[in-house]
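Listed below, chain by chain, are the residues.
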Amino acid sequence: MDTPVNPADQALAQLRQDFQGHRIWRATRYDGKLGDWVATLHDPKAGVEPTVIRNSAEELRKALTIELSRVTKRTTGQRSRWDRW
C-alpha cells in the first residue's frame, strides 16, 4: 500500500537539505494548525539575519537564497548596504 506524501513535508525536507546552516521549521498558529515557515541561523556562513520568517516554502527559499548571497558578498569584500561605515 502506498502512503500519500504531503507536499508541505516534502518542501520542508528539501529546504532543510538545501540550507543546512539554518534550522528550518513550521510555526504553530493560535488555533494549533501549522503557520509560517521559519529559518533560524546556526552557521554564520549561511546568512546574516538570525531569524527569517515567510508565509510559504517558496518565499522562504527566496529569502534564504538572498541571505546566502549577502554572506558571499561580505566574504568576497564587496560592500553591501548592510555594511557599517
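Residues numbered from 1 in each chain as written. Predicted model: local features only at pLDDT ≥ 70, side-chain atom pairs only at ≥ 80, totals over all residues. Heavy atoms only, no water.

1. What about the side chain of Arg-70?
And step 1. Mapped onto the elements of the fold, Arg-70 is located in helix α2 (residues 57-75).
And step 2. Taking relative accessible area as the criterion, Arg-70 reaches 12% and is therefore assigned buried.
And step 3. In this structure the side chain of Arg-70 is engaged in a polar contact, spanning 2.7 Å, whose partner is the side chain of Glu-67. (Helix = DSSP H or I, 4+ residues; strand = E, 2+ residues; numbered from the N terminus. Buried < 20%, exposed > 50% of the residue type's maximum accessible area, 1.4 Å probe, protein only. Polar contact = N/O pair within 3.5 Å; in protein donor to acceptor, adjacent residues only side chain to side chain.)

2. Considerations on the side chain of Ser-56
And step 1. Along the chain, the position of Ser-56 falls in the loop between β3 (51-54) and α2.
And step 2. The class of Ser-56 is buried, set by a relative accessible area of 17%.
And step 3. Here Glu-58 takes part through its side chain, which lies 3.4 Å from a polar atom of the side chain of Ser-56.
And step 4. For Ser-56, the side chain forms a polar contact with the main-chain nitrogen of Glu-59, separated by 3.1 Å.

3. Notes on the confidence of the model for the protein
And step 1. Considering every residue of the protein, the mean pLDDT works out to 89; 85% of them sit at 70 or more.
And step 2. Of all secondary-structure elements in the protein, the lowest mean pLDDT belongs to α2, at 90, while β3 reaches the highest, 98. (pLDDT = per-residue confidence, 0-100.)

4. Re the pattern of salt bridges
Between side chains of opposite charge, a pair can form when the charged atoms approach closely.
And step 1. According to the stated counting rule, one finds four salt bridges in the structure shown.
And step 2. Between Asp-18 and Arg-61 there is a salt bridge, with its nearest N and O atoms 2.9 Å apart. With Asp-18 in helix α1 (residues 7-18) and Arg-61 in helix α2, the pair connects residues that are 43 residues apart, well separated along the chain.
And step 3. We classify Arg-61 as partly exposed; its relative accessible area is 30%.
And step 4. With its nearest N and O atoms 3.4 Å apart, the salt bridge here joins Arg-70 to Glu-49. Separated by 21 residues along the polypeptide, Arg-70 in helix α2 and Glu-49 in the loop between β2 (34-41) and β3 bring together distant segments of the chain.
And step 5. Overlapping salt bridges bring together Glu-49, Glu-67 and Arg-70 as one network. (Salt bridge = Lys/Arg side-chain N within 4 Å of Asp/Glu carboxyl O.)

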